[in-house]
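Descriptive structure summary
The lines below spell out each chain.
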Amino acid sequence: MTVDVRWATAEDAEALAIVLCEMATHYRQPPLDPDRALAAARKWLGEESPAYPHFALAFRSGAVAGLASVAIAHPGIDLERLMFLKDLFVRDGARDAGIGRALVGFLADHCRRSGIGRIDLTTEDWNEGALRFYGRLGAERHGQKVFLRLSGPAFEALAGGSHDKST
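Conventions used here
Each chain has its residues counted from 1, running along the sequence as written. In keeping with the model being predicted, local features are shown solely for residues with a pLDDT of at least 70 and side-chain atom pairs are shown and tallied solely at 80 or more, while totals for entire chains, interfaces and linings include all residues. Excluding hydrogens and water, the side-chain values take into account all heavy atoms of the structure. Secondary structure elements follow DSSP: runs of H or I no shorter than four residues count as helices, runs of E no shorter than two count as strands, and numbering proceeds from the N terminus. With a 1.4 Å probe rolled over the protein chains alone, any residue whose accessible area is under 20% of its type maximum counts as buried; one over 50% counts as exposed, and the rest are partly exposed. Grid points spaced at 1 Å over the protein atoms alone were grouped into cavities, where a 1.4 Å probe fits but cannot get out, and pockets, open sets with protein on both sides within 12 Å along at least five of seven lines, with lining residues defined by an atom within 4 Å of a point. Grid points are joined across faces, edges and corners, and a volume is the space filled by probe spheres set on the points. pLDDT measures the predictor's confidence residue by residue and takes values from 0 up to 100. Throughout this description, the term nonpolar core refers to a set of buried Ala, Val, Leu, Ile, Met, Phe, Trp, Tyr and Cys residues connected via side-chain atoms within 4.5 Å. A contact between two residues is defined here by any heavy atoms of the two lying within 4.5 Å. A pair of Phe, Tyr and Trp rings is counted when the ring centres sit within 6.5 Å of each other, with Trp represented by its six-membered ring. The angle between the planes then sorts it: under 30 degrees is stacked, over 60 is edge-to-face, the rest tilted. Here, a salt bridge means any side-chain nitrogen of Lys or Arg that lies within 4 Å of a carboxyl oxygen of Asp or Glu. An expected span of 1.5 Å times one less than the residue number is assigned to each helix.

Of note in the backbone geometry, Arg28 takes a positive phi value of approximately 60° without being a glycine. Secondary-structure assignment places Arg28 in the loop between helix H1 (13–26) and helix H2 (34–47). On the basis of relative accessibility, which here comes to 72%, the residue Arg28 falls in the exposed class. Positive phi is not limited to glycine here, since Asp96 has a value of about 60°. A relative accessible area of 86% places Asp96 in the exposed class.

Attention now goes to the environment of Gly62. Note on placement: Gly62 falls in the loop between strand E2 (55–60) and strand E3 (63–73). Classification of Gly62 as exposed rests on a relative accessible area of 64%. Distance from Gly62 to Asp4, taken between C-alpha atoms, is 8.4 Å for residues 58 residues apart in sequence.

Sizing a probe to match a water molecule and rolling it over the atoms shows the empty space that remains. Empty space within the largest pocket amounts to approximately 1,000 Å³. If you trace the largest pocket, you find 35 residues lining it, with Tyr27, Leu88, Asn127, Ala130 and Tyr134 closest to the centre. Going through the elements one at a time, H1, strand E4 (82–90), helix H3 (99–114), strand E5 (119–122) and helix H4 (128–137) are the ones with two or more residues in the lining of the largest pocket.

Attention now goes to the confidence of the model for the protein. Looking at the protein as a whole, the pLDDT averages 88, with 88% of positions reaching at least 70. No element of the protein has a lower mean pLDDT than strand E7 (residues 147–150), at 79, and none a higher one than E2, at 97.

What follows is about the nonpolar core. Leu85, Ile99, Leu107, Ile119 and Tyr134 are the most contacted members of the largest nonpolar core, which totals 35 residues. Per element, the largest residue contribution to this core is eight residues, and it comes from H3. Setting aside chain neighbours within four positions, we find Leu107 in contact with Trp7, Ala56, Ala68, Val70, Met83, Leu85 and Ile119.

Two descriptors summarise a pair of aromatic rings, namely the distance from one centre to the other and the angle between the planes of the rings. For the structure shown, the criterion picks out four aromatic pairs. On the basis of an interplanar angle of 65° and a centroid distance of 5.1 Å, the ring pair of Phe133 and Tyr134 is categorised as edge-to-face. In this structure Phe133 comes out as buried when scored by relative accessible area, which is 16%.

Taken as a whole, this structure holds nine salt bridges when the rule is applied. Each of Asp109, Arg112, Arg113 and Glu156 takes part in a single network of salt bridges with overlapping partners.

The next point concerns H3. In a regular helix each residue adds 1.5 Å, so 16 residues correspond to 22 Å; H3 covers 23 Å between its end C-alpha atoms and thus fits that length. Here H3 lies mainly inside the structure; twelve of its 16 residues are buried. Gly115 occupies a position one or two residues after H3 and carries a positive phi of about 75°.

Next up on the list: H2. With 14 residues, H2 extends 20 Å from end C-alpha to end C-alpha; this agrees with the ideal 20 Å at 1.5 Å per step. Its buried side turned inward, H2 meets H1 and E2.

Given below as C-alpha cells:
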C-alpha cells in the first residue's frame, strides 16, 4: 500500500478530527467530543496560512492513517529557524506500516526546501516505543526531558528519501 503525506487543508477537517479523537484516547486523556473536535479542526485549518502549515496528514489507501502537528520557531540556535514537532500520532490499525517515518520524512523534506535547519521534538521518558522509533531515525537525546533533534546525516537521509513507501 502507498502512503501519501500532505499538508492538511480545510477540506481535511473531518480526517483531522478523527485522528485527534483517537489520539486523545490513546494518550489516556478524556474522550473528545467528535463534534467539538470537528469544529476545532475546521477553525484551525480555516485560519492557518498556507505559508505556515501546522498539520501534516498521512493517508494509506485513501484513509487517514496519522498526523504530525508542527510549529516553525524563529530564531533557533545560531539564528537558524527550526520546526518543532509537537505531536506525531499513527492510528492503531496503521502502526508498523511506515506511516510515522513517512510523516517525519515529509517534514524533513519541507524543512530542507524551506531553509529550516532541523526538527526538534520531545517525548516522555517512559514512552519507550517513541524513543525506539526516533532512535531508529537517528534523533539525538538532549537534556533530562528527552529532547530529540533530527539534524546532520539523519536529517539529510530523511529529507532525501522517498515518501511514497509501499507496505
